[in-house]
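# Observations on the model geometry
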Amino acid sequence: MRHKPQTRSKVLSADNGVDFVGDVHGCYDEFMELLKRLGYERSQEGTFRHPQGRKLLSLGDITSRGPHSIKMLQFFIQHIAAGVAEMVDSNHGWKVARWLDGRPVTLAHGDEKVEEEFRVYQQEFGPKKASLLREQSRRLLFSSPSHMMVKKNDKLVAVAVHAGIKDDYIGLESPAVHTFCRYGDVAGTGPDGRPIRREWAKERRGYEPLIVWGHDPRPEPERQNGTLNIDQGCVFGGKLTAYRYPEDELVSVPAKENYSGLSDTPLTRYTAD
Ligand SMILES: [Mn+2]
């Protein structure tokens, strides 16, 4: 186990606008198309920037299940360093970080595709470049804050989090906060081996600040008690969604295919209640 890097700041300024992006899961082509739709342009040094200085904020789970996890890692390594993007911690992100750290983890649920991509990358670019990328990715994932407080004129206007958060947890860091933000309100495992998820959004009392989250895919963006789910299951053949603040607009790009290889997906299982 190596030195764990310090967590990045969990405050992001929305003064020039923020584009929240749902779970990409290696769907790099759709991600590129979404950036174009949002008005981001490739700059001379190769980064994507918005002419108005907007920032990109990922809800995590940028890797796994889909085809281009490494491209997504490289994108966020580069764009966070350039100060134009941010990302929060997530369940797949945390698993991949621990794997890159050499800890004994079982790679499943699409994380094995990340391992395979790194193997191919090493074959193509050699061990030196591969080990540099592994270390940069490890640092990126380990340093991601559990949630991000988005502030406009120093006022908290929105929170970005992967799987969920209680209002009492906003602004805090602890193992309990990290676990809730990464996995949501999980009440054990069901007979099918899947986590039993409590509906924290439904149980929320109050509407402010806006909580933008992903992790639990729904066919359409879903608003409930001041929360907004923007994971439309792109990797399962759904859509990749962005939420634009302060415009309060939703922009979605359809998946080119169902990359997961599964026929039984969160989208097919979804039932509105
Ligand atoms: Mn997730």
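Just above, that's the structure.
As a starting point, this report considers the structure included with it. Bear in mind the structure is a predicted one, so any value in this text is a computation, not a measurement.

It is worth spelling out the pairing of strand β15 (residues 239-245) at this point. Most of β15 sits inside the fold, with six of its seven residues counted as buried. Here strand β2 (residues 18-21) runs beside β15; their pairing, made up of four bridges, is antiparallel. Note on β15: the bridge partner recorded for Asp19 is Arg244. In the sheet, strand β14 (residues 231-232) pairs with β15 via two bridges, with the strands oriented antiparallel. The residue of β15 that forms the bridge with Gln232 is Lys239. The turn linking β14 back onto β15 is made up of six residues, and Gly233 within it adopts a positive phi angle of 55°. Pairing of β15 with strand β16 (residues 249-254), which is carried by six bridges, proceeds in the antiparallel orientation. Of the residues in β16, the one forming a bridge with Tyr243 is Leu250.

Moving on to helix α1 (residues 28-38). Listed in full, the buried residues belonging to α1 are Tyr28, Glu30, Phe31, Met32, Leu34, Leu35 and Leu38. Residues of α1 that are buried make contact with β2, β4 (48-49), β5 (55-58), α2 (69-81), β15 and β16.

Right, let's get into the side chain of Asp185. Within the secondary structure, Asp185 sits in the loop between α5 (175-183) and β9 (186-189). Not counting chain neighbours up to four residues away, the residues in contact with Asp185 comprise Phe180, Ile196, Arg197, Arg198 and Trp200.

Before going further, it helps to examine the pattern of salt bridges. Pairing of side chains with opposite charge becomes possible as their charged atoms draw close. Applying the stated rule across the entire model yields 21 salt bridges. Across the pair Arg223 and Asp248 runs a salt bridge whose closest N-O atoms are separated by 3.1 Å. With Arg223 in strand β12 (residues 222-224) and Asp248 in the loop between β15 and β16, this pair connects stretches of sequence that are 25 residues apart. The exposure class assigned to Asp248 is partly exposed, which follows from its relative accessible area of 40%.

Calculation rules
Residues numbered from 1 in each chain as written. Predicted model: local features only at pLDDT ≥ 70, side-chain atom pairs only at ≥ 80, totals over all residues. Heavy atoms only, no water. Buried < 20%, exposed > 50% of the residue type's maximum accessible area, 1.4 Å probe, protein only. Helix = DSSP H or I, 4+ residues; strand = E, 2+ residues; numbered from the N terminus. Pairing = 2+ DSSP bridges. Contact = heavy atoms within 4.5 Å. Salt bridge = Lys/Arg side-chain N within 4 Å of Asp/Glu carboxyl O.

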